[in-house]
Amino acid sequence: MKALAVVLLLAGNVSAQDMSSCPMHDAKSTHAADVDSHGDMAMGFPHDKTTHHFRLAPDGGAIEVTVNDPKDTQNLDAIRIHLRHIASMFANGNFSAPMFVHSQTPPGVTEMTYRRGDLVYAFEELPTGGRLRIKTTNQDALNAVHDFLIFQIRDHHTGDAEHA
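Calculation rules
Residues numbered from 1 in each chain as written. Predicted model: local features only at pLDDT ≥ 70, side-chain atom pairs only at ≥ 80, totals over all residues. Heavy atoms only, no water. Buried < 20%, exposed > 50% of the residue type's maximum accessible area, 1.4 Å probe, protein only. Helix = DSSP H or I, 4+ residues; strand = E, 2+ residues; numbered from the N terminus. Pairing = 2+ DSSP bridges. Core = buried A, V, L, I, M, F, W, Y, C linked by side-chain atoms within 4.5 Å. Contact = heavy atoms within 4.5 Å. Axes fitted to C-alpha atoms, helices over the stretch in contact; angles between N-to-C directions. Phe/Tyr/Trp six-rings, centres within 6.5 Å; stacked < 30°, edge-to-face > 60°.

Peer 1: Give a detailed account of the pairing of strand 4 (residues 129-136), specifying residues and quantitative values.
Peer 2: Every other side chain in a regular strand lies on the same face of the sheet, so the side chains alternate between the two faces. Across the 8 residues of strand 4, 6 count as buried, placing the element largely inside the fold. With 7 bridges connecting them, strand 2 (residues 60-67) and strand 4 associate as antiparallel partners. If you follow isoleucine 63 over to strand 4, its bridge partner there is leucine 132. Judged from the 8 bridges that link them, strand 3 (residues 119-126) and strand 4 form a sheet pairing that is antiparallel. Within strand 4, the residue paired with leucine 126 across the bridge is glycine 129. If you look at the hairpin formed by strand 3 and strand 4, you'll find 2 residues sitting between the two strands.

Here's what the structure looks like:
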């Protein structure tokens, strides 16, 4: 009985710990803050005034960014400029922006670079933002696009579907 009381007391103390003292919790918080900070620098607009979605499709997928406030024309313009620029960079096999944002090479990037001739990147204007549409008919390129977008969904915590 005494042993059970000690176990319960210790369990209570462990669960009551301040999570900021946990090295893994701190690392996750630091990474998320770095992704937001690096993203703001790379994109040219603040993440907290915009909404990002990463969509998988049977023929590729899309990166969508919209302003939270439809009257925010400054960030609306910045989104459209950024996505047009990213479409051009990706088409040329340049994935330096997502590598900077995430402080690593995202899954799928190596294959997307290698198969850039099999991928089409097209900017589409949305009423409150824009979309970078990624299309392919090559199965290896498609798998790479999906790996890339799933990584984005997880690292940006968007909650988007991880299937086409």
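Peer 1: Lay out the nonpolar core with the relevant residues and their values.
Peer 2: The biggest cluster of nonpolar side chains holds 27 residues, and the ones touching the most others in it are Ile63, Phe90, Met112, Tyr121 and Leu132. Listed by contribution, the elements that provide at least two residues to this core are strand 1 (50-57), strand 2, helix 3 (73-91), helix 5 (109-114), strand 3, strand 4 and helix 6 (139-156). If we ignore the near neighbours within four places in the chain, the residues touching phenylalanine 90 are Ile63, Phe95, Pro98, Tyr121, Leu132 and Phe148.

Peer 1: Tell me what's going on with the sheet that holds strand 3, and back it up with residues and numbers.
Peer 2: Reading across the sheet, the 4 strands line up as 1-2-4-3 and stay open at both edges, with antiparallel pairing between neighbours. The open sheet has two edge strands with one neighbour each: strand 1 and strand 3. On average, adjacent strands in this sheet sit at an angle of 15 degrees to one another, irrespective of strand direction. In the packing of helix 6 onto the sheet, contacts are made with strand 1, strand 2, strand 3 and strand 4, and the angle to strand 1 comes to roughly 150 degrees.

Peer 1: Which residues make up the packing of aromatic side chains, and what values do they have?
Peer 2: For any pair of aromatic rings, geometry is given as the distance between the ring centres together with the angle between the planes. If you walk through the whole model with that rule in mind, you get 4 aromatic pairs. With 5.7 Å between their ring centres and 75 degrees between their planes, phenylalanine 90 and tyrosine 121 make a pair best called edge-to-face. Highlighted residues: phenylalanine 90 in helix 3 and tyrosine 121 in strand 3, separated in sequence by 31 residues. Accessibility expressed as a relative area gives 2% for phenylalanine 90, which makes it buried. Overall, the relative accessible area of 11% leaves tyrosine 121 in the buried class. Through a chain of ring-to-ring contacts, three or more aromatic side chains come together here, namely Phe90, Phe95, Tyr121 and Phe148.

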